[in-house]
Amino acid sequence: KKTALVIMAAGIGSRFGKGIKQLAPVGPKGEIIMDYSIHDALEAGFNKVVFIIRKDLEDEFKRVIGDRISKITEVAYAFQEIDDLPGDFRKLADRTKPWGTGHAVLAAKKVLSEPFAVINADDYYGKEAYVKVHDYLVQDHPQDGPMHICMAGFRLGNTLSDNGSVTRGVCHIEDGKLVGVTETHNIFKTADGAETRNDDGTAEALDTKSLVSMNMWGLTPEFMEILEKGFIEFLGGIKEGDIKKEYLLPELIDQLIHSGKAAVDVLETKDEWFGVTYQEDKASVQAAFKKLTDDGVYPEGLYQ
């Protein structure tokens, strides 16, 4: 069966400082994080890659990675643009922030007709998650009403940064099914675990074994129709001052779960996530990829 890997790479990466963080070299031979994601996905059985990027990054993106990947698998591009809105909707004049992960995935609707996995461009997920999501996507699922989709669940303690706070979708799970996602901001690594810090100065300890969403989903073409309808409803609720409100994939899926329209299987992975959220993360990520290469997990030079 054909399955696609959809990579969300249109984010501006404001916390990373200067430069395009999705294209920052981190591997021993100058590989970027996406190189490893694509390598793992193809190894797991995916046979198409869709890059969601900004149009102004197209030339640089193709030079750094796209042209290289097109030599080993089918590649398609989708462009997330802030003024790409349905119907008569127009962006607010003073809005500069992208519309969020839901809008990003929706941008790929025209180039997707197969089941697909969605990932962030600047996150390393490990090998296990790709195998589990791919195997789920090629299975037959019961035709019992709700749409059957999946999510890779990572242990919170394996997803933290040493250099600042992160936002994670903390999952609520019953009998292996996702029953809700709580988007949790300002999560900091602590000496004995993790905590979320509130604006009023208080903090709440978090269980590092809790599963969180890292925006790695296994979805179907049917999902795109729901995503498009949801975006129209989202835009209809935008007020004049909402210049930063985003259409987020986890929030839509949470709504679908509560309305009974989707059943989401959580596929737990114990792999350690890492990514480049802050400029200071880059050195530790480079060291991690060097160790993975030295240990034989990856070859010396992925595509050489």
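Along each chain, residue indices are assigned from 1 in the same order as the chain's sequence is written. Reporting in this predicted model follows two pLDDT cut-offs: at least 70 for local features of residues, and 80 or more for side-chain atom pairs to be given and counted; totals over whole chains, interfaces and linings ignore these cut-offs and use all residues. Remark: hydrogens and water are excluded; side-chain values derive from all non-hydrogen atoms of the structure.

1. Topic: the overall build of the protein chain
For the protein chain, the helix and strand inventory stands at seven helices and 13 strands. Relative to the globule expectation of 19 Å for 304 residues, the C-alpha radius of gyration of the protein chain, 19 Å, shows essentially globular dimensions. Principal-axis analysis of the C-alpha atoms gives the protein chain an extent of 50 × 50 × 45 Å. Surface accessibility of the protein chain: about 14,200 Å² in total, with carbon and sulfur atoms responsible for 47%. We score Asp and Glu as negative and Lys and Arg as positive, and we do not count His or the chain ends. Charged groups are reduced to one reference atom each: NZ for lysine, CZ for arginine, CG for aspartic acid, CD for glutamic acid. On the protein chain, the mean spot of the 36 positive side-chain charges and the mean spot of the 50 negative ones are 4 Å from each other. Helix and strand definitions here come from DSSP, where helices need a minimum of 4 consecutive H or I residues and strands a minimum of 2 consecutive E residues; each element is numbered from the N-terminal end. Computation of the radius of gyration draws on C-alpha atoms alone. For the globule rule, the value is 2.2 Å times the number of residues to the power 0.38. For the area figures, the Shrake-Rupley method with a 1.4 Å probe applies, and any residue is considered shielded solely by the protein chains shown.

2. Concerning the packing of aromatic side chains
Stacked, edge-to-face and tilted labels apply to pairs of Phe, Tyr and Trp rings (six-membered ring for Trp) whose centres lie within 6.5 Å, assigned for plane angles under 30 degrees, over 60, and everything in between, in that order. Scanning all chains against the criterion turns up 16 aromatic pairs. Judged by centre distance (4.9 Å) and plane angle (75°), the rings of tyrosine 36 and tyrosine 298 are edge-to-face. Residue tyrosine 36 is found in helix H1 (residues 33-44), and its partner tyrosine 298 is found in the segment after helix H7 (281-294); the two are separated by 262 residues along the sequence. Consider the rings of tyrosine 125 and phenylalanine 154, whose centres lie 5.7 Å apart with planes at 55°: the pair is tilted. With a gap of 29 residues between them, tyrosine 125 in the loop between strand E5 (123-124) and helix H4 (127-138) and phenylalanine 154 in strand E6 (residues 147-155) connect regions that are remote in the sequence. The buried label goes to any residue with under 20% of its type's maximum accessible area, the exposed label to any with over 50%, and the partly exposed label to all in between, with areas taken from a 1.4 Å probe on protein chains only. Taking relative accessible area as the criterion, phenylalanine 154 reaches 0% and is therefore assigned buried. An aromatic cluster is present here, built from Tyr36, Tyr124, Phe274, Phe289 and Tyr298 joined pairwise through their rings. The criterion is that NZ of a Lys, or CZ of an Arg, lies within 6 Å of the ring centre and within 35 degrees of the ring normal, and then a charge sits over that ring. When the ring centre of phenylalanine 79 is taken as reference, the NZ or CZ atom of lysine 55 above it lies at 4.2 Å. Cation over ring: arginine 197 sits above phenylalanine 188, and NZ or CZ is 4.0 Å from the ring centre.

3. Focus: the pairing of strand E4 (residues 116-120)
Here is the key point about a regular strand: its side chains alternate between the two faces of the sheet. Counting buried positions along E4 yields five of five residues, so the element is predominantly enclosed. Burial along E4 is two-sided: the residues Phe116, Val118 and Asn120 and Ala117 and Ile119 are all buried. By definition, two strands form a pair when at least two bridges between them are found by DSSP. Bridge count between strand E1 (residues 4-8) and E4: five bridges; the pairing is parallel. Paired with leucine 5 across the strands is alanine 117, a residue of E4. As paired elements, E4 and strand E11 (residues 211-219) share three bridges and run antiparallel to each other. Paired with alanine 117 across the strands is glycine 218, a residue of E11.

4. Points about the side chain of threonine 220
Inspection of the secondary structure puts threonine 220 in the loop between E11 and helix H5 (221-236). Given the relative accessible area of 17%, threonine 220 is considered buried.

5. Some words on the nonpolar core
Core analysis: the largest hydrophobic core is formed by 42 residues, its most contacted members being Phe116, Leu178, Phe223 and Leu227. Within the second largest apolar cluster, 41 residues are counted, among which are Leu23, Leu160, Met214 and Trp273. Only buried residues count toward a nonpolar core, which is a set of Ala, Val, Leu, Ile, Met, Phe, Trp, Tyr and Cys residues joined through side-chain atoms within 4.5 Å.

6. Describing the packing of H5 against helix H6 (residues 249-258)
Only C-alpha atoms enter the line fits that serve as axes; for helices the fit covers just the stretch in contact. Angles between N-to-C directions range over 0 to 180 degrees. For the pair H5 and H6, interaxial distance at closest approach is 11 Å and the crossing angle is 100°. Accordingly, the angle class assigned to the pair H5 and H6 is roughly perpendicular. In contact with Phe223, Ile226 and Leu227 of H5, H6 contributes Leu249, Leu252, Ile253 and Leu256. Of the residues contributing to the contact of H5 with H6, the split by class is seven nonpolar, no polar and no charged. Every angle not falling under 35 degrees, over 145, or within 65 to 115 is termed oblique; those three ranges are roughly parallel, roughly antiparallel and roughly perpendicular. Note on contacts: a residue pair is in contact if any heavy atoms of the two residues lie within 4.5 Å. Note on residue classes: Ala, Val, Leu, Ile, Met, Phe, Trp, Tyr, Cys and Pro are nonpolar, Asp, Glu, Lys and Arg are charged, and everything else, Gly too, is polar.

7. A look at the packing of H1 against H4
Relative to each other, H1 and H4 sit at 40°, their axes nearing to 9 Å. With respect to each other, H1 and H4 are oriented oblique. The chirality of how H1 crosses H4 is right-handed. Contact with H1, carried on its side by Ser37, His39, Asp40, Ala41, Glu43 and Ala44, involves Lys127, Tyr130, Val131 and His134 of H4 and no other residues of that element. Crossings are assigned a handedness: left-handed for a near helix turned anticlockwise from the far helix by less than a right angle, right-handed for a clockwise turn.

8. Considerations on unusual backbone geometry
Even without glycine at this site, aspartate 175 takes up a positive phi of about 55°. Mapped onto the secondary structure, aspartate 175 falls in the loop between strand E7 (166-174) and strand E8 (177-190). Unlike most non-glycine residues, asparagine 215 shows phi in positive territory, near 60°. With respect to the helices, strands and loops of the structure, asparagine 215 is situated in strand E11.

Purely spatial values, then, with no claim about function.
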